[in-house]
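Summary of structural features
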Amino acid sequence: MKFFADTGDVAEIREIQSMGLLDGVTTNPSLIAKSGRQFKDVIKEICGITDGPVSAEVAALDYETMMKEADVLRKIAKNVTVKVPLTVDGLRACKALSGDGTMVNVTLCFSPNQALLAAKAGAHFISPFVGRLDDIHLDGMELISEIRQIYDNYDYDTNILVASVRTANHIKEAALIGADYATAPASVLKSLVKHPLTDKGIEGFVADWKKTGQSII
Ligand code: E4P
């Protein structure tokens, strides 16, 4: 499973990169607003940190303007992935951009049928938002299972990029289902390594090693 950092904060991205966990980055308009920086500057800087796909989202809602914005975004760097919303215009843009060799991430997916349409439009990534479904007491992981089954039934190449990840458990469940990617906040990615028994075990080994009075080097 590949991991994307879901953030517009370059310090966080560098930290995940230094841990060897970074396969790419996703941003969205809310994350860019949170960064307080210029969108295109942030995307350019992120593309200098990772060679992996970096999702940059169009702001327009109509096809023509989406295509113009996508043209600006994809020129920033080779690894820019254009992110479009799951709407009729977004799917049209996805089809046109994918046909042109641009990687497209179709975002704001909340149903298996939406994911099916994104695959038919040639999306490289589909982003189902599991956390936001859980927030309204629906089952985000059930959506991931259903998309996995549909894509496998028809051998679609579209990658399932689990988004709106809130917990380490979301990552585990998505991996068990066989999702291709997960995009998560840096805090969630960093939490994956933690287990209290690992910490306790280290504490015990350090204390016992000290008692031996030995040194390896
Ligand atoms: C994905 O690409 C989105 O940026 C993100 O995962 C949304 O997460 P949220 O529901 O926590 O805002």
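Relevant structure appears above.
The model shown is predicted, which means the values in this text are computed figures rather than measured ones.

**Digging into the sheet that holds strand β2 (residues 24-26)**
The strand order around the closed barrel built from eight strands is β1-β2-β3-β4-β5-β6-β7-β8, with neighbouring strands paired in parallel fashion. Averaged over all pairs of adjacent strands, the angle between their axes in this sheet comes to 30 degrees, without regard to strand direction. In the sheet, strand β4 (residues 80-85) pairs with strand β5 (residues 104-109) via four bridges, with the strands oriented parallel. Within β5, the residue paired with P85 across the bridge is T107.

**A closer look at the layout of surface pockets**
Space left empty within the atom packing is revealed by a probe, the size of a water molecule, rolled over the atoms. Its boundaries defined by the atoms lining it, the largest pocket holds a volume of some 260 Å³. For the lining of the largest pocket, the secondary-structure elements that each account for two or more residues are α2 (29-35) and β5. Across the lining of the largest pocket, the residue classes tally to five nonpolar, eight polar and four charged. Estimated volume of the second largest pocket: approximately 200 Å³. As for the second largest pocket, its lining consists of D6, T7, G8, D9, V10, E12, L31, K34, S35, R37, P185 and A186. Looking at the lining of the second largest pocket, the elements with two or more residues in it are α1 (10-18) and α2. Among the residues forming the lining of the second largest pocket, the class breakdown is four nonpolar, three polar and five charged.

**Section: the side chain of R148**
If you trace the backbone, R148 turns up in helix α8 (residues 140-154). When sequence neighbours within four positions are dropped, the list of residues in contact with R148 reads I160, I177, G178, A179 and D180.

**Quick word on the site of the ligand**
As a matter of local geometry, the ligand sits amid D6, T26, N28, K83, F129, R132, A163, S164 and R166. In the model, an oxygen atom of the ligand is placed 2.7 Å from a nitrogen or oxygen of the D6 side chain. Measuring from an oxygen atom of the ligand, one finds a side-chain N or O atom of N28 at 2.7 Å. Summarising the interface, the protein chains cover 85% of the accessible area of the ligand, which totals 340 Å² for the free molecule. Using a 2 Å cut-off from the grid points, one finds that the ligand occupies the largest pocket. Tallied by class, residues from the shell around the ligand come to two nonpolar, three polar and four charged.

**Side note on the pairing of β4**
Counting buried residues in β4 gives six out of six residues, a clear majority hidden from the surface. Of the two faces of β4, the one carrying V80, V82 and V84 and the one carrying T81, K83 and P85 are both buried. Relative to β4, strand β3 (residues 54-57) runs parallel, the two sharing four bridges. When the sheet's bridge partners are listed, A56 is paired in β4 with V82. Crossover handedness for the path β3 to helix α4 (residues 63-74) to β4: right-handed. Crossover β4 to β5 through helix α5 (residues 88-99) is right-handed.

Calculation notes
- Residues numbered from 1 in each chain as written.
- Predicted model: local features only at pLDDT ≥ 70, side-chain atom pairs only at ≥ 80, totals over all residues.
- Heavy atoms only, no water.
- Pairing = 2+ DSSP bridges.
- Helix = DSSP H or I, 4+ residues; strand = E, 2+ residues; numbered from the N terminus.
- Axes fitted to C-alpha atoms, helices over the stretch in contact; angles between N-to-C directions.
- 1 Å grid on protein atoms, 1.4 Å probe; cavity = no way out; pocket = protein on both sides within 12 Å on 5 of 7 lines; lining within 4 Å.
- Points joined across faces, edges and corners; volume = space filled by probe spheres on them.
- Nonpolar A, V, L, I, M, F, W, Y, C, P; charged D, E, K, R; others polar.
- Contact = heavy atoms within 4.5 Å.
- Near = heavy atom within 4 Å.
- Polar contact = N/O pair within 3.5 Å; in protein donor to acceptor, adjacent residues only side chain to side chain.
- Areas by Shrake-Rupley, 256 points an atom, 1.4 Å probe, with all protein chains shown as cover.
- Sits in = over half its atoms within 2 Å of the grid points.
- Buried < 20%, exposed > 50% of the residue type's maximum accessible area, 1.4 Å probe, protein only.
- Right-handed = clockwise from strand over helix to strand, strands pointing away.

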